Amino acid sequence: MKAEYESIAAYEPEDFLPAIQRLVQDPSFFKVVESVCHSLLADKLPAEQVISVMSQLKNLDELDDKLTFPGLTMLSEHTGKGLLLRGQEHLFDNALFITNHRDIILDAAFLSVMVKEVLEKRFYMGVGTNLYVTPWIEDLVRLHLCFNIIRGGAPRELMAHSNLLSDYIHYLITEKHSSVWIAQREGRAKDSDDRTQPALLKMLTIAGDGTFIERIKALNITPVSLSYEYDPCDWLKAQEMQQKRDNPNYKKTPQDDYINMRTGIFGWKGRIIFTVTPCINNELNAIAAATSVRNEQVVLTAECIDRHIHKNYAIFANNKIAYDLLTDTPRFSADYTSTEKSDFIDYINGQIDKIEIENKDIPFLRSRLVEMYANPLRNQLALEENTSNKQ
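Within every chain, residues take consecutive numbers counted from 1 along the sequence as written. With pLDDT at 70 or above as the cut-off, local features in this predicted model cover only qualifying residues; side-chain atom pairs require 80 or more to be listed or tallied, and sums for whole chains, interfaces and linings still use all residues. The basis for the side-chain values is all heavy atoms of the structure; hydrogens and waters are excluded.

Student: I keep staring at the nonpolar core and nothing clicks. Help me out?
Tutor: Nonpolar side chains in soluble globular proteins tend to be buried together. In plain words, nonpolar cores are sets of buried Ala, Val, Leu, Ile, Met, Phe, Trp, Tyr and Cys residues tied together by side-chain atoms within 4.5 Å. Think of it in three bands: residues with accessible area under 20% of the maximum for their type are buried, residues over 50% are exposed, and the middle band is partly exposed, with areas taken using a 1.4 Å probe on protein chains only. Grouped together as the largest cluster of nonpolar side chains are 90 residues, with contacts concentrated most on Leu-96, Phe-147, Tyr-168, Ile-169, Leu-201, Leu-204 and Phe-274. With eight residues, the single largest contributor to this core is helix H5 (residues 106–119). Any two residues having at least one pair of non-hydrogen atoms within 4.5 Å are treated as being in contact. Ignoring anything within four residues of it in the chain, the contact list for Ile-169 reads Phe-147, Ile-182, Met-203, Leu-204 and Leu-219. Membership of the second largest hydrophobic core comes to 26 residues, among which are Ile-321, Phe-344, Ile-352 and Tyr-373. Secondary structure counts use DSSP, requiring at least four H or I residues in a row for a helix and at least two E residues in a row for a strand, with both numbered from the N terminus.

So this is what it looks like as structure tokens:
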């Protein structure tokens, strides 16, 4: 690895043992392990035993096999109905997985479990440094092949970081022949209206050779559509939407990020489905044939990724109920029961009850929550309509 990557790169094998030793000696990390053992295992496995196992590990494969992947699988079963991967025939070793973004931590973590089962190889993951609310978090994620995406800073610093980040991602895919995960946008789509940020594609193509299309093709973009039946952070997202509405200068604190991470990890998710879609390189060839204007190519590429994600959402009953509530129509009423509808309405009301802010605007919050669950279906329907109109 090039020395200039060290500030952002995932840890190399030689970094593993020092990072593990820092973790097992950190009292704040022990408290988190203790909390996880209590929440998931009812204290059947003492935190001291977990720390003892960690202190004897020699490499990431051992950590994955003995703790990380069993823990994530158990988490998916304890807080949901397990993990399902669709489209695994589209997986290969040096892809750039671009997904919609729901959970701060678990989107990439859950996907890594399933991809390694198929490819027998881990992928690298981009993580925003705003999540490093305590020092041990950086050690934990970087030894799990996460690399840093710097959040905040002066424009010149951010540009330098974008250059370095783009070069590092190209290095991982084209030289190291590894796969990489990155979200389609900075931060989660609070309203579940998933759109790829053109700025992300521009960053990815700072490095590389040739035209925009040639550089983006070198990354082998493979969109992945992820769907959680329930988003445990939905009430926090709705709360943040009101706070930003009432105060345009509102910004989350590190404590807010911690609450979001903890709620996302331990909250109920229902069914969890990831769908891998084909690499878009053939479609990029068509974009290059359609226009030579770089900005137009960027927009068309973003729209291409979005089409794959929108088409392959797993649509649950609550998405259909939310769509009918939002549009005040019975369009999908044949697809769910009256009990399912009343249960969903009760769920929304229960999430609203969790919100404690000044000037709590219940109609606004309810609308935002319903919209979160309706938007994946709305986007899928819009795609189907556009496809039908073009035929």
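Student: Can you walk me through the environment of Lys-176 in this structure?
Tutor: Considering the arrangement of structural elements, one finds Lys-176 in the loop between helix H7 (155–175) and strand E5 (180–183). Note on Lys-176: relative accessible area 31%, which makes it partly exposed.

Student: Can you walk me through the layout of surface pockets in this structure?
Tutor: Using a probe with the size of a water molecule, rolled over the atoms, empty space left in the structure can be pinpointed. A cavity here means a set of points on a 1 Å grid, drawn over the protein atoms and nothing else, where a 1.4 Å probe fits but cannot get out; a pocket is an open set with protein on both sides within 12 Å along at least five of seven lines, and a residue lines either one if it has an atom within 4 Å of a point. Grid points are joined across faces, edges and corners, and a volume is the space filled by probe spheres set on the points. Roughly 310 Å³ of internal volume is contained in the second largest pocket. What lines the second largest pocket is a set of 15 residues, and nearest its centre among them are Tyr-11, Pro-13, Leu-60, Asp-61 and Leu-145.

Student: Even after reading the chapter, I still don't get the packing of aromatic side chains, so can you show me in this structure?
Tutor: The geometry of an aromatic ring pair is captured by two quantities: the separation of the ring centres and the angle between the planes. Any pair of Phe, Tyr and Trp rings, taking the six-membered ring for Trp, is counted once the centres come within 6.5 Å. Such a pair is stacked with planes under 30 degrees apart, edge-to-face with planes over 60 apart, and tilted for the rest. Under the counting rule described, the total for this entry stands at 13 aromatic pairs. Ring geometry for Tyr-228 versus Phe-274: centroids 6.5 Å apart, planes at 75°, classification edge-to-face. Note that Tyr-228 is positioned in strand E6 (residues 221–228) and Phe-274 in strand E7 (residues 270–276), a separation of 46 residues in sequence. Pairwise contacts between aromatic rings join Tyr-5, Phe-147, Tyr-168 and Tyr-171 into one cluster. Two thresholds decide whether a charge sits over a ring: the Lys NZ or Arg CZ must be within 6 Å of the ring centre and within 35 degrees of the ring normal. The ring of Phe-364 has Arg-245 lying over it, and the distance from NZ or CZ to the ring centre is 4.4 Å. Residue placement shows Arg-368 over the ring face of Phe-364; its charged tip is 4.9 Å from the ring centre.

Student: For this particular structure, what's the right way to read the state of the cysteines?
Tutor: As used here, a disulfide is simply a covalent bond connecting the sulfur atoms of two cysteines. To count as a disulfide, a pair of cysteine sulfur atoms needs to be within 2.5 Å. Per the stated rule, a full pass over the model turns up zero disulfides. With no disulfide partner, Cys-304 has as its closest neighbouring cysteine sulfur the one in Cys-279, 9.5 Å distant.

Student: Mind showing me how you'd approach the pattern of salt bridges here?
Tutor: Two side chains with opposite charge may pair up if their charged atoms get near one another. Take a side-chain nitrogen of Lys or Arg and a carboxyl oxygen of Asp or Glu: if they are within 4 Å of each other, that pair is a salt bridge. Considering all chains together, one arrives at 16 salt bridges under this definition. Between Asp-139 and Arg-22 there is a salt bridge whose closest N-O contact spans 2.8 Å. Of the two residues, Asp-139 is situated in helix H6 (residues 135–142) and Arg-22 in helix H1 (residues 16–24); the sequence distance between them amounts to 117 residues. With a relative accessible area of 10%, Asp-139 lands in the buried category. Note that Glu-371 and Arg-368 form a salt bridge whose closest N and O atoms lie 3.1 Å from each other. Of this pair, Glu-371 and Arg-368 both sit in helix H16 (residues 362–390), separated by three residues, roughly a single helical turn. Across the pair, exposure class does not vary: Glu-371 and Arg-368 are buried alike. Beyond isolated ion pairs, a larger network of salt bridges with shared partners links Asp-61, Asp-64, Lys-116 and Arg-122.

Treat this as a map of the structure, not an account of what it does.
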